[in-house]
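# Residue-level structural notes
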Amino acid sequence: MKMRTLAIANQKGGCGKTTTAVNLASAFALSGKNILLIDLDPQAHATLGLGCDPETAEKTVYDIFTDSTISISEMVSKSIIEKLSLLPSNILLSGVELELASMENREYVLSNRIKEVNGSYDICLIDCSPSLSLLTINALVASDDVIIPVQTHYYALEGLRQLLETVDIVQRHFNENLEILGVLLTFVESRTKLSRHVQQQMREHFGDLVFNTVIHKDVRLAEAPSAHEPVFAYAPESTGALEHKILAEEIG
């Protein structure tokens, strides 16, 4: 059975992208699926969020782009969540675009490499860097679907338009099968008029593209990264854990 690959992308920082990647991956794994999470961000927040130290990782996602002799299976680490494996990142990844600049078909490097593990996992999630970089292009080219986390504030719509333009370029030139799986509303505060207004605006503008599930602002969800744990390990009964479980069920 073909592995399904989902990119979690938004060039705007602070939208809950890594939180979504770590906890959605955990929710899928806890439902019994074999999951690979690729940390494609030089900040390595997803790596940290799954309890892995970027400084001590011997092999990282950087090696995917720079050393074809190393298999992905050699780069993968186990996480604290059963059935969830991690391909870690560290600061070395920040220099990879210079190395890719002169490479032929550089947009397809990740797509070609992850075919190595096609039969090993049910779902691969890619946590993209907060930029519309060559790394993000690689993620979109390699993916079947993209999930776009969007914080419910007034600047969200403009940033979302830029990402949608990038997705359109990738569809036309590199990956015609790429689909937008959905827009995920994050940091939702049901009690504030602003949050309600932006949520309404997003649903009116994008319709069915917006997931039914929203991720509310939640103290436990915010605290979990500082413990280097997914929310399912840190506070399994929290609102954040429940909502990511429901999101995983909605995606299917």
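Throughout what follows, the structure given in this document is the object of discussion. As the structure is a computational prediction, the values presented were derived from the model and not from experiment.

Analysis parameters
- Residues numbered from 1 in each chain as written.
- Predicted model: local features only at pLDDT ≥ 70, side-chain atom pairs only at ≥ 80, totals over all residues.
- Heavy atoms only, no water.
- Helix = DSSP H or I, 4+ residues; strand = E, 2+ residues; numbered from the N terminus.
- Rg over C-alpha atoms; globule rule 2.2 N^0.38 Å.
- Contact = heavy atoms within 4.5 Å.
- Polar contact = N/O pair within 3.5 Å; in protein donor to acceptor, adjacent residues only side chain to side chain.
- Expected span 1.5 Å × (residues − 1).
- Buried < 20%, exposed > 50% of the residue type's maximum accessible area, 1.4 Å probe, protein only.
- Arc of directions from axis to C-beta.

Our next topic: the overall build of the protein chain. Regarding its fold elements, the protein chain presents twelve helices and seven strands. Taken over the C-alpha trace, the protein chain has a radius of gyration of 17 Å; the compact-globule value for 252 residues is 18 Å, and the two agree within 12%. By principal-axis analysis of the C-alpha atoms, the protein chain measures approximately 55 × 40 × 35 Å. At a minimum sequence separation of 6, the contacts of the protein chain that also span at least 24 residues come to 79%.

Secondary-structure assignment places Asn-23 in helix H1 (residues 17–30). Residues Asn-23 and Arg-220, spaced 197 residues apart in sequence, show a C-alpha to C-alpha distance of 12 Å. With sequence-adjacent residues up to four places away left out, Asn-23 is seen in contact with Leu-221, Pro-230, Val-231, Phe-232 and His-244. Only 2.9 Å separates the side chain of Asn-23 from the backbone oxygen of Thr-19, close enough to count as a polar contact.

What follows deals with helix H12 (residues 239–251). In this model H12 runs 18 Å from its N-terminal to its C-terminal C-alpha over 13 residues, within 8% of the 18 Å that 1.5 Å per residue would give. Listed in full, the buried residues belonging to H12 are Gly-240, Ala-241, Glu-243, His-244, Leu-247, Ala-248 and Ile-251. Angular distribution of buried residues about the axis of H12 spans 165°; they occupy a single face of the element. In the core, the buried residues of H12 are packed alongside strand S1 (4–8), H1, strand S6 (145–151), strand S7 (179–186), helix H10 (219–223) and helix H11 (231–234). One or two positions beyond H12, positive phi appears at Gly-252, with a value near 90°.

Purely geometric numbers; function is a separate question.
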